[in-house]
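Topology and contacts: notes
Given next are the chains, with one letter for each unit.
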Amino acid sequence: MHHITIVGSGFGGLTAILELRRRAPEIEITLVSPRPEYVYYPGLIWVPSGLRTGDDLVIDLRPFFERQRVRHLAAEATGLKEGGRVLETTEGPIGNDGLIIACGGRFIKKLPGIEHAIIPCEGVAAAKAIRDRVRALEGGSIAMGFSANPSEPSAVRGGPIFEFLFGLDTQLRREGRRERFTLHFFSSAERPGNRLGPKAVDALLAKLKCCDIQAHLGQRLKGFSDRSVITEGEEFPADLILFMPGLTGNAWFDNTDLPRSPGGLIQADAQCRVPGFARVYVVGDAGSFPGPDWLPKQGHMADLQARAAARNLLAELASQTPKAGFRVELLCILDTNERGMLVGRTKHLNLVLPAWRLFHWLKRFFEWLYLRRYRVR
């Protein structure tokens, strides 16, 4: 009986389990992650306003693993040997017949003073810290921004910053406190969010102006102090800083011979295979994939890649040629806590629909629907 090991319990890792189990009920699956839990990161944007507590976004995966007959190993990956057939972990080596790496990426924390900024997508604790800091402020300046990996511009996740920013604007207006705060947005790009498409960038820039949010664009970020953001051209005050750095590969990748992209991610082909390594696949933020320069780093893309990787790995185990690719598409709702802008992009289409209340509720419904598969006991 074949044994497949998966690293990571995020979007890609869990979707790979579902696809593998659906297509090959008999295989053995081991998932390696520090804890048997799944954090629904898209919902973190609602923690500062109290729409989510944060704890309600952490799903206990033990019932899911039991239903899917998955062995969970509470450990961290530390290296790879024997051409990928042995995964080294903090709990010892694990052999496999096939490996799917879905452990996500790592934020680049090299800017001077980055310890003064909160990285919102680091998890529930970060979202709660934002909530508590905002509650404690009677007024002042709040700055939010993002940057890319300079060696791999696609390794960026800027969408959540727009959601935290516009969500905070909505929250402060509801609380009757908006006039006490100056909100800043900063990015080294002249047109931030360009991967969403030109129409979406135009809409975002118009929204910044409409919400009286000061935009600092096109200037390289130099660092932070405990009370300011510093760019090449200016320094502006900030009592609270939210910043999303670019992404790179996990530290344990350095203890492997896996091929790396210029930005430090694991190189992959159009079938999510890692070149030069038999039956080793990578999905989601951990990988660098062929495609257009707007290829997104988001959960939806990780799901699509995980399905392709699972199908191709099973094909290899059956001595067949792996042929499954993944759709290249961007699909998201940029939420403001009461409305949402729908953005979709494919090779042939770029759809942008204005912010409607319906899309806010659609995003909340999708959260419930997506998590139901893991919450049902």
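Residues numbered from 1 in each chain as written. Predicted model: local features only at pLDDT ≥ 70, side-chain atom pairs only at ≥ 80, totals over all residues. Heavy atoms only, no water.

In the annotation of an unreviewed UniProt entry, the chain is listed under the name NAD(P)/FAD-dependent oxidoreductase and assigned to Caldichromatium japonicum.

A short note on the domain arrangement of the chain
Definition in use: Boundary definitions for the domains trace back to an automatic or database domain assignment. Contacts are assigned to residue pairs with any non-hydrogen atoms lying within 4.5 Å of each other. In the sections that follow, a salt bridge refers to a side-chain nitrogen of Lys or Arg positioned within 4 Å of a carboxyl oxygen of Asp or Glu. N or O atoms closer than or at 3.5 Å make up a polar contact, with two conditions inside protein: a donor-capable atom paired with an acceptor-capable one, and, for residues adjacent in sequence, both atoms drawn from side chains. Residues are grouped as follows: Ala, Val, Leu, Ile, Met, Phe, Trp, Tyr, Cys and Pro are nonpolar; Asp, Glu, Lys and Arg are charged; all remaining types, including Gly, are polar.
Partitioning the chain into structural domains gives domain 1 (3–105 + 249–318) and domain 2 (109–242). Placing a centre on the C-alpha atoms of domain 1 and another on those of domain 2 gives a separation of 29 Å. Facing 23 residues of domain 1, the contacting portion of domain 2 comprises 21 residues. Linking domain 1 with domain 2 are two salt bridges, by the criterion used here. The salt bridge partner of R157 is D285, with a shortest N-O separation of 1.9 Å. Where domain 1 touches domain 2, the interface holds nine residue pairs in polar contact (both at pLDDT 80 or more). Looking at the side of domain 1 that touches domain 2 residue by residue, the class counts come to 12 nonpolar, seven polar and four charged.

Points about the pairing of strand 9 (residues 98–101)
Where a strand is regular, its side chains alternate between the two sheet faces. Inclusion rule: To sort residues, take the accessible area from a 1.4 Å probe on protein chains only and compare it with the maximum for the residue type: under 20% means buried, over 50% means exposed, and anything in between is partly exposed. In DSSP terms, a helix is any run of H or I states spanning at least four residues, a strand is any run of E spanning at least two, and both are numbered starting from the N terminus. Strand pairing requires that DSSP identify at least two bridges connecting the strands.
Burial along strand 9 is two-sided: G98 and I100 and L99 and I101, pointing in opposite directions, are all buried. When strand 1 (residues 3–7) meets strand 9, the two strands line up parallel, connected through four bridges. Residue I4 lies in a different strand from strand 9, and its bridge partner there is G98. When strand 9 meets strand 20 (residues 280–282), the two strands line up parallel, connected through three bridges. When the sheet's bridge partners are listed, I100 is paired in strand 20 with Y281.

Examining unusual backbone geometry
The phi angle at R69 is positive, at roughly 55 degrees, despite the residue not being glycine. Relative to the assigned elements, R69 resides in the loop between helix 2 (62–68) and strand 5 (70–74). Accessibility expressed as a relative area gives 49% for R69, which makes it partly exposed. Although it is not a glycine, E82 sits at a positive phi angle of roughly 55 degrees. Residue position: E82 is located in the loop between strand 6 (77–81) and strand 7 (86–89). The exposure class of E82 is exposed, given its relative accessible area of 63%.

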